Amino acid sequence: MLNQVIAKSLPWIPKSVVHSVARRYIAGETLEDAVRVVRELNSMGAVATMDVLGEFVKDRGQAAESTEMAQKMFEAIHQNKLKSGVSVKLTSLGLDIDPEFCYLNLKAIVEKARQFGRFVRIDMENSPYTTRTLDLYRRLRQEGLENVGVVIQARMRRSEADVLALASLTAEIRLCKGIYVEPKEIAFQGSDEIRENYKKLLVLFFEQKMHVGIATHDDPLMEFAKEYIKEKSIDRSRYEFQMLLGVRDAKRNELLKEGYKVRIYVPFGQDWYGYCLRRLKENPQIAGHVMRAFFTGK
């Protein structure tokens, strides 16, 4: 309850305080910042996915700028010989403006990535966008573009049906719990039931011979995945662990030491403040860290 109150008060907390907490989780404001962080991660043995911050765009010009930035990211990845892909949010490409406009922007990004032999992850946003996101992904695949994947959220009750519907495409999926607060009619609410559905979906991915990004910082889920993979002798080419920048670095290093492929999501951009406010409001538990920074300066 206290953290929820803090979360609602965030707009009145000095921007510098929010930044003191956020800087660990964001590469910086520029593409050069992201390149630097990805290079550091690559030197540790990890791969990466760059993600420029920004979503819910209502202006065509801004959506076009987001599209251009994504293309520049692939050029930078290629020029710097980085081991990285790119993640995009469809609302940043104009999904709320015009679905066809968004699709053309998305297709241009995927085609640019294909020129360099790189991969695009279409991020999954909250429930009003789920069906439209999957529909645009299928359309890309129907046009022969295979260097693209989507995200499935274990929180959503529909996810099992979505996985089965994608199985024929041998889709490459990122499986996460899901950060958005959704109604109980369409989403699991308790942490235990979300965790159990995550396990169920992970097994389903492996049974359907799909490639899966195991995106979690949850120890029980990581251990479940590792034990299942060992029991079924699943080849390491069929999965990878995925984590967020600045979250559980020791665990990241442990996975790398054990020989697992680990991908780190690297967000950057000038919209870091709006991004942080939205994420902190969606995860009130994190808001407590901001308040501690406000009083302690750490």
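Presented here is an overview of the structure given in this document. Being a predicted model, the structure only gives us computed values, none of them experimental.

Thresholds, definitions, all that
- Residues numbered from 1 in each chain as written.
- Predicted model: local features only at pLDDT ≥ 70, side-chain atom pairs only at ≥ 80, totals over all residues.
- Heavy atoms only, no water.
- Axes fitted to C-alpha atoms, helices over the stretch in contact; angles between N-to-C directions.
- Helix = DSSP H or I, 4+ residues; strand = E, 2+ residues; numbered from the N terminus.
- Parallel < 35°, antiparallel > 145°, perpendicular 65-115°, else oblique.
- Left-handed = near helix turned anticlockwise from the far one by under 90°.
- Contact = heavy atoms within 4.5 Å.
- Nonpolar A, V, L, I, M, F, W, Y, C, P; charged D, E, K, R; others polar.
- Salt bridge = Lys/Arg side-chain N within 4 Å of Asp/Glu carboxyl O.
- Buried < 20%, exposed > 50% of the residue type's maximum accessible area, 1.4 Å probe, protein only.
- Expected span 1.5 Å × (residues − 1).
- Arc of directions from axis to C-beta.
- Polar contact = N/O pair within 3.5 Å; in protein donor to acceptor, adjacent residues only side chain to side chain.

Thoughts on the packing of helix α8 (residues 191-207) against helix α9 (residues 219-232)
Then step 1. At a minimum axis distance of 11 Å, the contact between α8 and α9 shows a crossing angle of 25 degrees. Comparing the axis directions of α8 and α9 gives the class roughly parallel. In terms of crossing hand, the pair formed by α8 and α9 is right-handed. Listed contacts from α9 to R195, Y198, K199, L202, V203, F206 and E207 of α8 are P220, L221, F224, A225, Y228 and I229.
Then step 2. Among the residues forming the contact of α8 with α9, the class breakdown is 10 nonpolar, no polar and 3 charged.

Describing the pattern of salt bridges
Then step 1. Applying the stated rule across the entire model yields 28 salt bridges.
Then step 2. The residue D123 makes a salt bridge to K89 at a minimum N-O spacing of 3.1 Å. Separated by 34 residues along the polypeptide, D123 in the loop between β3 (120-122) and α6 (130-142) and K89 in the loop between β2 (84-88) and α5 (99-115) bring together distant segments of the chain.
Then step 3. The class for D123 is buried, based on a relative accessible area of 13%.
Then step 4. Residue R139 pairs with E100 through a salt bridge whose shortest N-O separation is 2.9 Å. Of this pair, R139 sits in helix α6 while E100 is found in helix α5, placing the two residues 39 residues apart along the sequence.

Focus: α6
In an α-helix there are 3.6 residues to a turn, and that puts residues three or four apart on one side.
Then step 1. In this model α6 runs 19 Å from its N-terminal to its C-terminal C-alpha over 13 residues, within 8% of the 18 Å that 1.5 Å per residue would give.
Then step 2. Within the sequence span of α6, burial applies to T130, T133, L134, L136, Y137, L140 and R141. All buried residues of α6 project into a common sector of 160 degrees when viewed along the axis, lining one side.
Then step 3. Looking one or two places after α6, you find G144, whose phi comes out positive at around 90 degrees.

A look at the side chain of E240
Then step 1. Within the secondary structure layout, E240 lies in strand β7 (residues 239-244).
Then step 2. Given the relative accessible area of 2%, E240 is considered buried.
Then step 3. A distance of 2.7 Å separates polar atoms of two side chains, one belonging to E240 and the other to Q242.
Then step 4. Beyond its immediate stretch of four places on either side in the chain, E240 contacts H211, V212, G213, I214, K261 and R263.

From the geometry alone we can't say anything about function, so treat these as descriptive.
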